[in-house]
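# Secondary and tertiary structure notes
Now for the letters of each chain:
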Amino acid sequence: MKYREKLENLISKLIATPSTSGNEREIAEIIKDKLNEIGFDKVEIDKYGSVIAVAKGKSNLNILFEGHLDHVPPGNINAWKYPPYNAKIVNDEVYGRGAVDMKGPIASLITAMEEALKREFEVNIQLAFVVHEETVEGEAIKRIIEEGILDKPEVAILIEPTNLNVAIGHRGRSLIRVKLMGKTAHASMPDLGVNAIEAASKFIIRLREKLNLNLPMHPVLGKATITPIKIKCQPEGLPQIPDEAEVIFDRRMIIGEDESSVIKPLMELVNELISSKEALNGFVEIVEEEVKCWTGASMKVKDFFPAWLMSIEKLEDMGIRELIKAMGGRYMVWDFSTDGVYIANSNIKTFGFGPGDWKMAHQPNEKISLKDMDRAVEGYKKILEVLDRKLMI
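Here we summarise the structure given alongside this text. From a predicted model like this one, the values you see are computed outputs, not experimental measurements.

With that settled, consider the environment of Lys-179. For Lys-179, the location among the structural elements is in strand β10 (residues 172-181). Not counting the four nearest positions on each side in its chain, Lys-179 is found in contact with Glu-244, Ala-245, Glu-246, Asn-281, Gly-282 and Phe-283. In terms of polar contacts, Lys-179 uses its side chain to reach the side chain of Glu-244, at 3.3 Å.

Right, here's the structure in full:
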């Protein structure tokens, strides 16, 4: 492997630097210093804590390589073979939290840039490593582009893991709050109240029995889904029937679905419970939240992130078939959501390419192959070569 030593050193340093969402300061500084070292013309950290870099070309065309600094927590440490922040290397594989999502891809991209910047390009090369992708995908890169920190690119490459294939889209994601209201009573006399927990339970069951069967299907992105991920009530832990229950649902969406089409069928189920007196009132809404950044800034976000699917014809007009041929890959779609929810829906030609098996993401014993990372270095260099040539025609 041509780049093994560089890749081992860099990924080991990155994995040994925990960077959960909102706590990316140290890794941002490490990456900023490395990008300065390899010769980018502009390197900075924006007010939200994302790292931005630009290598100026001879034209006004921009190519953006985009990834994220944050990772999910390791979970139960006892489920790991090796400590999650030790970057244990066993034969060809590097173990550790964030190995595949996405410190391995970051190490490959930076190594590729170190090689690539030895020559001049027609296009401007932009890099963005953003904060809070794991919590509110698309929001940090949205601010980078809409606040003019980077010029809008003609093409964006998401460096999420693809097993060295080319990703062309994925379903969207929304978080939905369903709140049901009942009536309190002494727990020894439940018939005198309306139990909001029971109403929420019936809602979940009816949703599974009625709505799940009728969710739309897309021929490429697959089926829309909905599943409960959080439930709470009040009052709680007392000999008292709760009069409020709240359920948060994860809803995966296909092309063409909007907030109204997502909320309407859920509100119909709420109204059924109210009509049958199993709940006294209720509502459905898209979750809105405010996330805190390590810089002290915050981002207010509505958790509705639309699906996207890039035209293969548009990609092949830019020569991406050459990349697929060189890597021995194929076109694919991701199961999960990425920053493409903003980028691809902003009239930017977008695709994904990165080393590693995305199914390892967020799991204990997360790992990535050094051989795949080494090949990804060549892949990123190939992308630059092809786009630099094709975009100037």
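Core analysis: the biggest nonpolar cluster contains 98 residues, and Leu-35, Phe-65 and Phe-129 have the highest contact counts within it. Broken down by element, the residue count for this core peaks at ten residues, all from helix α3 (residues 99-116). Ignoring sequence-local partners within four residues, the contact set of Phe-129 consists of Ile-31, Leu-35, Ser-50, Val-51, Gly-67, Leu-69, Ile-106, Leu-109, Ile-110 and Ile-159.

Overall, antiparallel pairing links the three strands, which are arranged β4-β5-β22 in an open sheet. The open sheet has two edge strands with one neighbour each: β4 (88-90) and β22 (367-369). The average undirected angle you get between the axes of adjacent strands in this sheet is 25°. Strand direction decides the pairing type here: β4 and strand β5 (residues 93-95), joined by three bridges, are antiparallel. Paired with Val-90 across the strands is Glu-93, a residue of β5. Most of the contacts of α3 go to β22, to which it runs at about 40°, and overall it touches β5 and β22.

Across its twelve residues, helix α1 (residues 4-15) extends 16 Å between first and last C-alpha, which sits within 8% of the 16 Å expected from 1.5 Å per residue. Looking at α1, one finds that the buried residues are Leu-7, Leu-10, Ile-11, Leu-14 and Ile-15. Considered in projection along α1, the buried side chains sweep an arc of 125° and stay on one side of the axis. Along α1, exposed side chains directed more than 90 degrees from the buried face belong to Glu-5 and Asn-9. Of the surrounding secondary structure, the elements contacted by the buried residues of α1 are α2 (25-38), β5, α3, β22 and α10 (370-390).

Thresholds, definitions, all that
- Residues numbered from 1 in each chain as written.
- Predicted model: local features only at pLDDT ≥ 70, side-chain atom pairs only at ≥ 80, totals over all residues.
- Heavy atoms only, no water.
- Helix = DSSP H or I, 4+ residues; strand = E, 2+ residues; numbered from the N terminus.
- Contact = heavy atoms within 4.5 Å.
- Polar contact = N/O pair within 3.5 Å; in protein donor to acceptor, adjacent residues only side chain to side chain.
- Core = buried A, V, L, I, M, F, W, Y, C linked by side-chain atoms within 4.5 Å.
- Buried < 20%, exposed > 50% of the residue type's maximum accessible area, 1.4 Å probe, protein only.
- Pairing = 2+ DSSP bridges.
- Axes fitted to C-alpha atoms, helices over the stretch in contact; angles between N-to-C directions.
- Expected span 1.5 Å × (residues − 1).
- Arc of directions from axis to C-beta.

Any link to function would need more than the numbers given here.
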